[in-house]
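Coordinates in review
The chain contents come next:
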Amino acid sequence: MFGSHVQLKTDDQIRAMRRAGLVTRAALEAARAVCVAGNTTRDVDAAAAKAIADAGATPNFLGYYGYPATVCISVNDTVVHGIPDDYVLADGDLVSIDGGAIVDGWHGDSAFTMIVGGPQHADPADQRLSDATEAAMWAGIAAFATAQRVGDIGNAIDAYATENVPDLGLVEEFTGHGIGTAMHMEPEVLNFAASNQGPRVKTGMVLCVEPMLTAGGIETVTLEDDWTVKTVDGKRASHWENTVARHAGGIWVLTEEDGGLAGLAPYGITPVPL
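All of the points below concern the structure found in this document. Every value quoted in this text rests on a predicted model; they were computed, and no experiment measured them.

**Quick notes on the packing of aromatic side chains**
On inspection of all chains with the given rule, the structure shows three aromatic pairs. Ring centres of Tyr 67 and Trp 227 lie 5.0 Å apart, and the angle between their planes is 80°; on these two criteria the pair is classed as edge-to-face. With Tyr 67 in the loop between β1 (58-59) and β2 (71-75) and Trp 227 in the loop between β11 (220-222) and β12 (229-231), this residue pair connects regions lying 160 residues apart in the sequence. Assessed through its relative accessible area of 2%, Tyr 67 is described here as buried. We classify Trp 227 as buried; its relative accessible area is 18%.

**Considering the nonpolar core**
Core analysis: the biggest nonpolar cluster contains 54 residues, and Cys 35, Val 95, Ile 97, Ile 141, Phe 144 and Leu 264 have the highest contact counts within it. Beyond its immediate stretch of four places on either side in the chain, Leu 264 contacts Trp 138, Ile 141, Ala 142, Ile 251, Val 253, Ile 269 and Pro 271. Residues Ala 16, Ile 179, Trp 252 and Leu 254 belong to the second largest nonpolar core, which totals 10 residues.

**Examining the pairing of strand β14 (residues 242-247)**
With respect to burial, β14 is a largely interior element, six of its six residues being buried. Neither face of β14 is exposed, since Asn 242, Val 244 and Arg 246 on one face and Thr 243, Ala 245 and His 247 on the opposite face are all buried. The sheet contact formed by strand β9 (residues 205-209) and β14 spans five bridges and is antiparallel. In the sheet register, Leu 207 faces β14, and the bridge partner there is Val 244. As defined by bridge partners, β14 adjoins strand β15 (residues 250-253) across four bridges and the pair is classed as antiparallel. Counterpart to Ala 245 in the pairing with β15 is Trp 252.

**Points about unusual backbone geometry**
A negative phi angle characterises most non-glycine residues, just as the trans form characterises most peptide bonds. The linkage connecting Glu 186 with the following residue, Pro 187, adopts the cis geometry, with an omega of 5°. Relative to the helices and strands, Pro 187 is located in strand β8 (residues 185-189). Of note in this structure, Asn 76 is not a glycine but carries a positive phi near 60°. With respect to the element layout, Asn 76 can be found in the loop between β2 and β3 (78-80).

What counts, and where the lines are drawn
Residues numbered from 1 in each chain as written. Predicted model: local features only at pLDDT ≥ 70, side-chain atom pairs only at ≥ 80, totals over all residues. Heavy atoms only, no water. Phe/Tyr/Trp six-rings, centres within 6.5 Å; stacked < 30°, edge-to-face > 60°. Helix = DSSP H or I, 4+ residues; strand = E, 2+ residues; numbered from the N terminus. Buried < 20%, exposed > 50% of the residue type's maximum accessible area, 1.4 Å probe, protein only. Core = buried A, V, L, I, M, F, W, Y, C linked by side-chain atoms within 4.5 Å. Contact = heavy atoms within 4.5 Å. Pairing = 2+ DSSP bridges.

Next comes the structure, spelled out in structure tokens:
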């Protein structure tokens, strides 16, 4: 899954990755727009595919180790890698959408969680789960701005979850990763505190920070399709992810329109575009 070394990018290469990041964001927003009651998850996938095609880009999930769709759509108790199909969405479904695009050989990757039908149909527990997962992601991204080692990101995610939502489960089985000329590259970016703090952070690193939280235990099971990962206890799950670059001037969230301005503001960090 991962390469053998950490790929460091030049400023020009980070700018190229920003273009891939913006196409990724456009695809996810297109998917969000049709993630409504009565549509199928296959409809949502088609919207993302069209947005990527319209941008002249290529989806990086489609065909990856045989994956059969443009995005992963994980509903309710599915943690990650849900395959779009004929499931008809209903108000109140908790849906995580994960996808990416390739532009000029460079990859973007991002994920978000939403509740079908909006706040008026949201179970407060589901909204809290999604909000906490998003906040844990931003805690990790903020840590990347000053991190000495990649493990500082996982420490920050773990600390946020432990201090603010100790009743939720922080999934350890799946991790973030480096990204660049391939979607999954070194280094592995843990979502939890560990004794192995990983490699030193260097200028030119581009990482995907992507915590997953559950409303119950962290044990998961992979279905017979070899992709769909569900919680063993049937509790709901949330997944948030962004692609983030660290360059000589600071960090830049490549898959957010504002570069991470809003998400990083509570931490006193201002993203630095190139």
